[in-house]
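One-letter residues, chain by chain:
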Amino acid sequence: MKHSAEELAAALRQVDLAEVGLQEPLRAFGTLQELASAHAEDSAVRAALTVLSNVAGMMLKPERWESPYIPAMQFGDRRTWLPEDLTEVHCGFLANSYAWLPSGALRAQVIDVLFVSAVDRGERYKLALESVNAWIEVGIHGELDREEEQGWRRAIEIALRYRFTEKVAALVDLAMETIRLEHPGSAWQIARALHESGAGREHAGEIVDRLRNVAVTVEDLAFQREILEQVRSWALSNRDSAAVAEVEEQIGDLWWEEAKRRRSSSHFMARDCFGNAYNGYKRVERSRRSARTNKRLAQLPRKIREEGELALGEMHAVESDPIDLTVLREQADEVLKEEDTLRAMAAWFARVPLESVQQARATAEQSMREYPISHLFSRTTVAADGRTVQHSASARGHGGIPGDVWSEMLRLWELKIGILAQGYIWPTLVELSTRHKLTHGDFALLVRSSAFIPPEQERHYVTALHNGYYGRLDESIFMLAPTVEACVRVCLQQAGIETRNIRADDTEIEPGLSALMELDGVDEALTPDLAWNIRALYCGPLGPNLRNRVAHGLLSESESSGASVLFAWWLALRLAFVPFFNGVMADSSESQSGSSTAADPEAGQPPAS
């Protein structure tokens, strides 16, 4: 049976809601559901309580101005209500009811939900003012809880946007009352919220003093640093450079202290803490650094390296079931059955197509679904010399792929090329280079057929391929990495993509490969699959990062002959061989009979310009 807004409002007045009014909305959600069940025989009362409970079940997220409520619970395609689920009757019922609801967070939320749902400008203004008044009435009582903070944040956002000057002042006063209590958690929370709102700058000096008093009472070093970071923010707002420098030094000291404590349990943690201490001290304005700070800044690079080296001893190999390389070795044997050099190399590439970015993404997402727990925590990438080079939490995505998925794609890609290099590429290469002697001239023929390789880079490219073919991978990669960058640059320029950066003084610079691969249109110029493999091989700290490691002399002797370098050489050869072989087959009278072993002309080959 459907009821009108007036009937629902009248029915709700029959229920004593004094107890519910004292509860926070999410707790009131359950209480109201129970009350609705208790009044099952009265359909109007039950319906009214159900609507009110559904409003209480909306979870406030004040930082989202355009849609400040999210479902409290969601299971598949089922969820608790949102403001857009309210009908015209529901809104009319709530508008007729909120005035006599008991004062509290539930009443404030009901008014705010009506404000979010309203369209008329005059009605929105009226409800905005009433919702702010309701939250001011709720206030903050002693230790700040989550609901009070969220309500305060929502109220000051509305008050600032609608320029309710007196209400902003009242909300700032509420915040200052909490800060003056100097309870660590509450003072830090509301000071942070106040700073993010942009209000209360006239109290900056007092907030700095109060928070510094609070910080010294906190034993937990991490929380103490959080409080001091908030002190720094307020000191910057107050343009108190002396206080900023003093607090920055204190933060560095806390990281230094934690590093010393962590040494006995984890060199990994100690290294990270020393690194954070270094960054903390570096923030201090040079002219305001104490002698102790300067001394520690001089010591810290050595300490970070020492702890990084010791941290490597804490790393343990994770054993898993053995990987069967039989299939790959059988494929390699099939390749070697070809007596003709060109056909053998064509089969070499055709039997293992270049991985597509769509395939890599699908595999990564499947892995994340199958092993969700392993992806709940941040992963740290550590270089061979003990340096931390990447945290998965800060990983960036590409082409609409989220950062966490991109990180998993790179992780699985490295595992794949490791297996491929060991079980397929290397054993085949050894046999091919033994049976078929190829000269610089042979490789030059291949290279001239590739649209990827510009004429000015042909000699370097040929030399890199020749060296790698005969196992001198270390010599190959130091020529191949810069040459591939040059090839990419020319491909982009030919596609009409501007690769140069013009400085303010009109000088032009050429960005490196990682920056080139971030330019718009790269995937179209190179093909998405080739762009993915180049990024995975040469760019970014999560993968082999060959471009930067070669350029900066960071590649170790073992790495320069490792799986990623072998794969880089194999990819480079593929980019030269595929167009050459397909051209030969197209011109040959035997093209039809040889089509079964022809390499894929689209396999990672950029379009000709």
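Predicted, not measured: the structure shown is a model, and the values here were computed from it.

Conventions adopted
The residue numbering used here restarts from 1 in each chain and proceeds along that chain's sequence as written. Predicted model: local features are reported for residues with pLDDT of at least 70 only, side-chain atom pairs are reported and counted for 80 or more only, and whole-chain, interface and lining totals are derived from all residues. Calculated side-chain values reflect all of the structure's heavy atoms, with hydrogen atoms and water omitted. Numbering of helices and strands runs from the N terminus, with a helix taken as a DSSP run of H or I at least four residues long and a strand as a DSSP run of E at least two residues long. Only protein chains enter the area calculation, which uses a 1.4 Å probe; residues under 20% of their type maximum are buried, those over 50% are exposed, and those in between are partly exposed. The contact criterion used is simple: two residues touch if any of their non-hydrogen atoms lie within 4.5 Å. Computed by Shrake-Rupley with a 1.4 Å probe, the accessible areas treat only the displayed protein chains as cover when residues are assessed. Aromatic pairing here means that ring centres of Phe, Tyr or Trp (its six-membered ring) are within 6.5 Å. Orientation follows from the plane angle: under 30 degrees is stacked, over 60 is edge-to-face, and everything else is tilted. A pocket here means an open set of points on a 1 Å grid, computed over the protein atoms alone, that has protein on both sides within 12 Å along at least five of seven lines. A cavity is instead a set of points where a 1.4 Å probe fits but cannot get out; residues with an atom within 4 Å of a point line either one. Grid points are joined across faces, edges and corners, and a volume is the space filled by probe spheres set on the points. Under the convention adopted here, Pro, Cys and the residues Ala, Val, Leu, Ile, Met, Phe, Trp and Tyr are nonpolar, Asp, Glu, Lys and Arg are charged, and Gly plus all remaining residues are polar. One side-chain nitrogen of Lys or Arg within 4 Å of one carboxyl oxygen of Asp or Glu is enough to make a salt bridge. Expected span of a helix, by definition, is 1.5 Å for each gap between consecutive residues, and there is one gap fewer than residues. Values of bend correspond, residue by residue, to the angle between axes fitted over the seven residues ending at that residue and the seven starting there. Throughout, nonpolar core names a set of buried Ala, Val, Leu, Ile, Met, Phe, Trp, Tyr and Cys residues whose side chains join them through atoms within 4.5 Å. For every residue, the predictor reports its confidence as pLDDT, a number between 0 and 100. Only the contacting stretch of a helix is used when fitting its axis, a line to C-alpha atoms as for every element, and angles between N-to-C directions run 0 to 180 degrees. Here the word oblique covers every angle except those under 35 degrees (roughly parallel), over 145 (roughly antiparallel) and from 65 to 115 (roughly perpendicular). In this scheme, a crossing is called left-handed if the near helix is turned counterclockwise away from the far one by less than a right angle; it is called right-handed if the turn is clockwise.

**Concerning the overall build of the protein**
In step 1: Helices and strands together make up the secondary structure of the protein, namely 27 helices and eight strands.
In step 2: Here the protein holds 609 residues, and the buried ones make up 48% of them.
In step 3: The long-range share in the protein, meaning contacts at least 24 apart out of those at least 6 apart in sequence, stands at 67%.
In step 4: Here the protein displays about 30,100 Å² of accessible surface, and carbon together with sulfur accounts for 50% of that area.

**Let's talk about the packing of aromatic side chains**
In step 1: Scanning the entire structure with this criterion turns up 19 aromatic pairs.
In step 2: Between W348 and W569, the ring centres sit 6.3 Å apart and the planes meet at 50 degrees, which makes this aromatic pair tilted. Of this pair, W348 sits in helix α17 (residues 341-350) while W569 sits in helix α27 (residues 563-587), placing them 221 residues apart in sequence.
In step 3: Judged by its relative accessible area of 0%, W569 falls in the buried class.
In step 4: Note on F349 and F577: the rings are 5.7 Å apart at their centroids and 40 degrees apart in plane angle, and the pair reads as tilted.

**Considerations on empty space enclosed by the protein**
In step 1: The final tally for this structure, using the stated rule, is five cavities of 30 Å³ or more.
In step 2: Size it by volume and the largest cavity reaches roughly 120 Å³.
In step 3: When residues of the lining of the largest cavity are traced back to their parent elements, those giving at least two are α3 (25-38), β1 (58-60), α6 (105-117) and α8 (146-161).
In step 4: The biggest single contributor to the lining of the largest cavity is α8, with four residues.
In step 5: Tallied by class, the residues present in the lining of the largest cavity amount to seven nonpolar, three polar and three charged.
In step 6: Size it by volume and the second largest cavity reaches roughly 80 Å³.
In step 7: Together, E24, A105, W135, V138, G139, I140, E147, E148, G151, W152, L171 and L174 line the second largest cavity.
In step 8: The leading source of residues in the lining of the second largest cavity is α8, at four residues.

**What to know about the pattern of salt bridges**
In step 1: For the structure on display, the rule yields 38 salt bridges.
In step 2: The residue R292 makes a salt bridge to E249 at a minimum N-O spacing of 3.5 Å. Here the residue R292 occupies a position in helix α15 (residues 291-312), and E249 occupies one in helix α13 (residues 241-262), the gap between them amounting to 43 residues.
In step 3: Residue R292 is classed as partly exposed on the basis of its relative accessible area, which comes to 37%.
In step 4: The class for E249 is buried, based on a relative accessible area of 15%.
In step 5: Note that E431 is salt-bridged to R435, the shortest N-O span being 3.5 Å. Taken together, the positions of E431 and R435, both in helix α19 (residues 403-435) and four residues apart, correspond to about one turn of that helix.
In step 6: Judged by relative accessible area, which is 31%, E431 ranks as partly exposed.
In step 7: Given a relative accessible area of 47%, R435 falls into the partly exposed group.

**Points about α19**
In step 1: Taking 1.5 Å per residue, 33 residues should reach 48 Å; α19 reaches 45 Å between its end C-alpha atoms and fits that length.
In step 2: Approximately 50 degrees is the largest bend angle found in α19, and it occurs at A421.

**Description of the nonpolar core**
In step 1: Counting 92 residues, the largest nonpolar core has L17, L32, F93, L94, W152 and L194 as its most contacted members.
In step 2: If we skip the residues at most four places from it in the chain, L194 touches W152, V172, A175, M176, A199, G200, R201, I207 and W234.
In step 3: Formed by 84 residues, the second largest nonpolar core is a distinct cluster that contains M345, F349, V565 and W570.

**As for helix α9 (residues 165-181)**
In step 1: Between its first and last C-alpha atoms α9 spans 25 Å; for 17 residues at 1.5 Å apiece the expected length is 24 Å, and the two agree.
In step 2: Turning to α9, its buried residues are V168, L171, V172, L174, A175, M176, T178 and I179.

**Quick word on unusual backbone geometry**
In step 1: Positive phi, close to 85 degrees, is recorded for T527, a residue that is not glycine.
In step 2: Locating T527 in the fold gives a position in the loop between α24 (522-526) and α25 (528-538).
In step 3: A positive phi angle, close to 55 degrees, is found at N545, a residue other than glycine.
In step 4: Secondary-structure assignment places N545 in the loop between α25 and α26 (546-551).

**Examining the confidence of the model for the protein**
In step 1: Overall, the predicted model of the protein reaches an average pLDDT of 87, with 88% of residues at or above 70.
In step 2: Taken as a whole, residues 317-321 scores under 50 in pLDDT and shows zero contacts with residues more than four places along the chain or in a different chain.
In step 3: Confidence drops under a pLDDT of 50 for residues 589-603, and excluding neighbours within four residues, the segment shows 25 contacts in the predicted structure.

**Observations regarding the packing of α3 against helix α4 (residues 43-56)**
In step 1: Relative orientation of the contacting elements α3 and α4 amounts to 165 degrees, with a least axis distance of 8 Å. The angle between the axes of α3 and α4 places the two elements in the roughly antiparallel class. For the crossing formed where α3 meets α4, the hand is left-handed. Contacts between α3 and α4 involve P25, L26, A28, F29, L32, Q33, L35 and A36 from the first element and R46, L49, T50, L52, S53, N54 and A56 from the second.
In step 2: Looking at side-chain class alone, the contact of α3 with α4 contains 10 nonpolar, four polar and one charged residues.

**Some words on the environment of D404**
In step 1: Positionally, D404 belongs in helix α19.
In step 2: For D404, a relative accessible area of 44% puts it in the partly exposed group.

**Some details on the environment of R13**
In step 1: Considering the arrangement of structural elements, one finds R13 in the loop between α1 (5-12) and α2 (18-21).
In step 2: Sequence spacing of R13 and A48 is 35 residues, and the spatial spacing of their C-alpha atoms is 9.7 Å.
In step 3: In this structure, R13 is in contact with N96 and W100, ignoring residues within four places of it in sequence.

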